Amino acid sequence: MKQPKITNSEQARNFYKKYIHSCPRGCNLYDTFTPETLKAYEDNSSRELERKWAFEEFEKYFSQIAPKNSDNHKLLNKAWEWHNDYTPVKLVAEKLEIMMNDSGGAPDAKLLDCMLATQGSPR
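Residues numbered from 1 in each chain as written. Predicted model: local features only at pLDDT ≥ 70, side-chain atom pairs only at ≥ 80, totals over all residues. Heavy atoms only, no water.

**As for the overall build of the chain**
Then comes step 1: Across its full length, the chain holds 6 helices and 0 strands.
Then comes step 2: Along its sequence from the N terminus, the chain presents helices and strands in the succession α-α-α-α-α-α.
Then comes step 3: Its C-alpha atoms give the chain principal-axis dimensions of roughly 55 × 30 × 25 Å.
Then comes step 4: Taking all 123 residues of the chain together, the buried fraction comes to 31%.
Then comes step 5: Taking contacts inside the chain between residues at least 6 apart in sequence as the whole, the part at least 24 apart equals 63%. (Helix = DSSP H or I, 4+ residues; strand = E, 2+ residues; numbered from the N terminus. Buried < 20%, exposed > 50% of the residue type's maximum accessible area, 1.4 Å probe, protein only. Contact = heavy atoms within 4.5 Å.)

So, in structure tokens, the structure goes:
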């Protein structure tokens, strides 16, 4: 595999979105990327930036959830891929309430899972 070039935070952001975020727990990035590539990523990123990048991706989809939007469930699924413990609970609760109201009292399993995850969230 051709190694991506990472010399700034925008390239690190793209690397995070494409490779780091989707890497399941326990995967070994050293199997795919050279130590130099991973070091360049570390030099141009931080935990705070990773949280910011994840929230930006979450918000890109979640902000489009609106009453009577037929794409709400698709948007929720895409947004939830980026949800983490740092996602503001109040923001999530407001959008989930919109979807719950639109469900006519019969929410699907994904919506219920998201509601339960948010309810149990510490923030």
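**Points about the packing of helix H1 (residues 9–20) against helix H3 (residues 47–62)**
Then comes step 1: Where H1 contacts H3, the axes come no closer than 10 Å and their chain directions differ by 65°. By the criterion of interaxial angle, the relationship of H1 to H3 is roughly perpendicular. Like other packed secondary-structure pairs, H1 and H3 cross with a definite hand, here right-handed. For the pair H1 and H3, contact is made by Ser9, Ala12, Arg13, Tyr16, Lys17 and Ile20 and by Glu50, Trp53, Ala54, Glu56 and Glu57, respectively.
Then comes step 2: In terms of residue class, the contact of H1 with H3 is built from 5 nonpolar, 1 polar and 5 charged. (Axes fitted to C-alpha atoms, helices over the stretch in contact; angles between N-to-C directions. Parallel < 35°, antiparallel > 145°, perpendicular 65-115°, else oblique. Left-handed = near helix turned anticlockwise from the far one by under 90°. Nonpolar A, V, L, I, M, F, W, Y, C, P; charged D, E, K, R; others polar.)

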